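Summary of structural features
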Amino acid sequence: MEAVREPKSLQEAILYFSDQENCLNYLVARRPEWSDGVVCPACGSKKVSFLKNQLRWQCSARHPKRQFSVKVGTIFEESPLGLDKWLPAMWLILNCKNGISSCEIARALNVTQKTAWFMLHRIRLAQQGKQGGKLGGSGNGVEIDETFIGGKARNMHKSKRARVITGTGGKDKTVVMGMLERGGNVRAMVVDGRRKKELQKNIHEHVEAGAAIFTDELRSYDGLEDSFKHQVINHAVEYANGNVHTNGMENFWSLVKRQLHGTYISVEPFHLFRYIDEQAFRFNNRKMTDAERFDIGVREIVGKRLTYAELTGKVHGTETIQ
Ligand SMILES: [Zn+2]
């Protein structure tokens with residue numbers, strides 16, 4: 001087979017992934033468990049033959065499910081949609097700075113909006129959970145901040161709207177906490193309010209003891225100086241005092257808010273963490289080209305499943321299968 005150059009732009013990606021064989025080759029090369037050749041997902045045997053006409057493999061051992069496709073064991077498993085739609089959708093969500101809505105995906109790829117919504121959530125799932133070690137280990141300071149996120153009243157159901165509008169400011173909003181290692185990665189998470197216990201538990205979990213940390217004057221951050229080099233910027237007085245500021249976190253929040261308010265018109269609090277993770281993925285891989293960011297994203301699709309029932313909260317259960 002002649003080697004075809006891998007895509008570098010959206011236009012090239014749509015063209016390249018319109019070919020089923022290109023899709024297959026691209027994915028096979030990025031499945032870590034297949035780095036020494038394709039392995040039967042049911043029994044682990046390497047004795048598999050490629051059925052060229054079907055673009056599937058067949059295991060030489062006799063057992064159920066001996067035929068399998070490249071989608072097996074990934075977020076694409078059992079999806080009737082072709083990879084010619086899945087992979088361009090992935091290209092868009094991983095590379096569009098403000099995210100992309102299910103309406104836009106539906107129009108661009110000729111699928112229903114409901115299908116597009118489900119696709120985007122499966123792609124977001126794949127990008128979750130890869131965190132590595134604690135922040136601040138490099139010696140760079142860590143900015144810590146929290147923000148309120150709430151839906152727009154005009155998109156809510158009438159009774160809910162009445163409740164929100166008469167409620168007190170932040171009460172119906174969701175609190176999101178973020179930690180950013182300067183020059184490095186951000187971690188952001190939905191938290192259960194701004195109480196000291198809640199915020200400090202996350203800081204201890206995600207930030208290296210002894211690291212320099214920067215927060216505003218919120219009382220919930222009091223006492224962190226016992227474990228960290230804690231410096232406080234008083235936002236009532238100034239935004240920065242030398243290197244004491246949380247401007248990096250503020251930049252991240254403005255990206256999140258542009259994403260949520262511009263692209264995604266209304267996000268249920270139940271799903272909010274998925275959108276936060278989506279923005280964190282793009283932010284943490286911001287210094288790459290689109291092709292590199294896509295490559296990294298594709299490597300995360302294995303071993304993860306999200307069913308429609310899980311997504312809509314009709315069953316509970318783990319979102320990750322191994
Ligand atoms: Zn087998």
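What you see as residue numbers is a count from 1 along each chain, following the sequence as written. Only residues with pLDDT of 70 or above have their local features reported here, since the model is predicted, and side-chain atom pairs are shown and tallied only from 80 upward, although totals for entire chains, interfaces and linings are computed over all residues. Calculation of side-chain values draws on the structure's entire complement of heavy atoms; hydrogens and water are dropped beforehand.

**Looking at the coordination of the zinc ion**
Put simply, the rule reads: Any nitrogen, oxygen or sulfur atom within 2.8 Å of a metal ion counts as a donor, with the limit raised to 3.2 Å for Na, K and Ca, and since water is left out, coordination shells can look unfinished. For a four-donor site, all angles between 85 and 135 degrees give tetrahedral; for four or six donors, opposite pairs above 155 degrees with the remaining angles between 65 and 115 give square planar or octahedral; all remaining cases count as irregular. The numbering of helices and of strands both runs from the N terminus, where a helix is a DSSP run of H or I of at least 4 residues and a strand a run of E of at least 2. Remark: exposure states derive from per-residue accessible area (1.4 Å probe, protein chains only) relative to the maximum for the residue type, with buried under 20%, exposed over 50%, and partly exposed in between.
Taken together, the protein donors to the zinc ion comprise Cys-40 (SG), Cys-43 (SG), Cys-59 (SG) and His-63 (NE2), at separations of 2.1 to 2.3 Å. One can describe the donor arrangement at the zinc ion as tetrahedral, given that its four donor atoms subtend angles of 106 to 112 degrees at the metal. Mapping the donors of the zinc ion onto the primary sequence gives the spacing C-x2-C-x15-C-x3-H. Taken together, the residues span a long stretch of sequence, with Cys-43 in the loop between α2 (20–28) and β1 (48–51) and Cys-59 in strand β2 (residues 56–59) at a distance of 16 residues. For Cys-59, a relative accessible area of 1% gives the class buried.

**So, the nonpolar core**
Heads up, the rule is: Take the buried residues of types Ala, Val, Leu, Ile, Met, Phe, Trp, Tyr and Cys, join any two whose side-chain atoms come within 4.5 Å, and each joined set is a nonpolar core. Any two residues having at least one pair of non-hydrogen atoms within 4.5 Å are treated as being in contact.
With 46 residues, the main nonpolar core has Leu-27, Trp-34, Phe-76, Leu-87, Met-90 and Phe-294 as its most contacted residues. Every element with two or more residues in this core is listed here: α1 (10–16), α2, β2, α3 (83–95), α4 (102–109), α5 (113–126) and α10 (290–298). Excluding residues within four positions of it along the chain, Leu-87 makes contact with Phe-17, Cys-23, Leu-27, Phe-76 and Phe-294.

**Description of the environment of Thr-246**
Tracing the chain through its elements places Thr-246 in the loop between β10 (244–245) and α8 (247–263). If we ignore the near neighbours within four places in the chain, the residues touching Thr-246 are Glu-143, Ile-144, Asp-145, Phe-214, Thr-215, Asp-216 and His-235.

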